[in-house]
Amino acid sequence: MGNHELSDPITMRLPVGVLVEIEQIAGIFDRSRSWVFVRALKSYLASEGREIIELDQARKDIDAGLGHDLDDAIDEVDAIVKGAVA
């Protein structure tokens, strides 16, 4: 896992089938289960996890008044398009 700072150990329960697959993958690559977990979590965080974080930030931005009314945005785009056509 390189020279990255590591957390304290984490304990979790998994469905047996998931653990079997993790151990199988670890064996194929001659790596630890932790290596497989970290790769899987990084992949999750890069896709679905990132989307959850971005949606949460968007909600916070809206609550803080940083959003824009959709109808106003559409009107602005329409005006731009009409100006480009003219």
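As a convention, each chain's residues are numbered from 1 in the sequence order in which they are written. A pLDDT threshold of at least 70 governs which residues receive local features in this predicted model, and a stricter bar of 80 or more applies before side-chain atom pairs are shown or counted, although totals over entire chains, interfaces and linings include all residues. As a convention, hydrogens and water are excluded, and side-chain values are obtained from all of the structure's heavy atoms.

## Structural notes on the overall build of the chain
So, point 1. Segments assigned H or I by DSSP are reported as helices when at least four residues long, segments assigned E as strands when at least two residues long, and all are numbered from the N terminus. When its secondary structure is counted, the chain shows 3 helices and 0 strands.
So, point 2. Sequence-ordered secondary structure for the chain, helices as α and strands as β, is α-α-α.
So, point 3. Computed over its C-alpha atoms, the radius of gyration of the chain comes to 23 Å, more than 25% above the 12 Å expected for a compact globule of 86 residues.
So, point 4. C-alpha extents for the chain along the principal axes are approximately 65 × 30 × 30 Å.
So, point 5. In the chain, buried positions account for 6% of the 86 residues.
So, point 6. Note on areas: these come from Shrake-Rupley sampling with a 1.4 Å probe, and a residue is covered only by the protein chains present in the view. Here the chain has roughly 8000 Å² of accessible surface; of this, 57% comes from carbon and sulfur atoms.
So, point 7. Taking the average location of the 9 positive side-chain charges in the chain and that of its 17 negative ones, the two points are 12 Å from each other. Restricting the calculation to C-alpha atoms gives the radius of gyration, and the globule rule supplies 2.2 Å times the number of residues raised to the power 0.38. Accessibility here uses a 1.4 Å probe with only protein chains present; expressed as a share of the type maximum, an area under 20% marks a residue as buried, one over 50% as exposed, and anything in between as partly exposed. Charged-residue counts in this description rest on Lys and Arg as positive and Asp and Glu as negative, His and the chain ends being excluded. Charge placement uses NZ in Lys and CZ in Arg. For Asp and Glu, CG and CD serve respectively.

## Observations concerning the confidence of the model for the chain
So, point 1. A residue-level look at the chain finds 95% of positions with pLDDT of 70 or above and a mean pLDDT of 92.
So, point 2. Of all helices and strands in the chain, the one with the weakest mean pLDDT is helix 3 (residues 70-85) (89), whereas helix 1 (residues 16-29) scores best (97). Residue-level confidence of the predictor, termed pLDDT, takes values from 0 up to 100.

## Regarding the pattern of salt bridges
Any two side chains of opposite charge can pair if their charged atoms end up close together.
So, point 1. Only one rule defines a salt bridge in this text: a Lys or Arg side-chain nitrogen within 4 Å of an Asp or Glu carboxyl oxygen. One pass over the structure, following the stated rule, counts 2 salt bridges.
So, point 2. Note that Asp56 is salt-bridged to Lys60, the shortest N-O span being 3.1 Å. Here Asp56 pairs with Lys60, and both are found in helix 2 (residues 33-63), just 4 residues apart, close to one helical turn.
So, point 3. Since its relative accessible area comes to 48%, Lys60 is described here as partly exposed.

## Overview of the packing of aromatic side chains
So, point 1. Centres within 6.5 Å are what make two rings of Phe, Tyr or Trp a pair, Trp counting through its six-membered ring; a difference in plane orientation under 30 degrees is then read as stacked, over 60 as edge-to-face, and the rest as tilted. All chains considered together, the criterion is met by 1 aromatic pair.
So, point 2. Relative to Trp35, the ring of Phe29 lies with its centre 5.5 Å away and its plane at 50°, an arrangement referred to as tilted.

## Focus on a nonpolar patch on the surface
So, point 1. A cluster of nonpolar side chains, namely Leu41, Tyr44, Leu45 and Ile52, defines an oily patch on the protein surface of about 380 Å² accessible area.
So, point 2. Take Ile52: it is sitting in helix 2. Note that patches include only residues with greater than 30% relative accessible area and no salt bridge, and the join distances are 9 Å for like charges and 5 Å for nonpolar side chains (Val, Leu, Ile, Met, Phe, Trp, Tyr).

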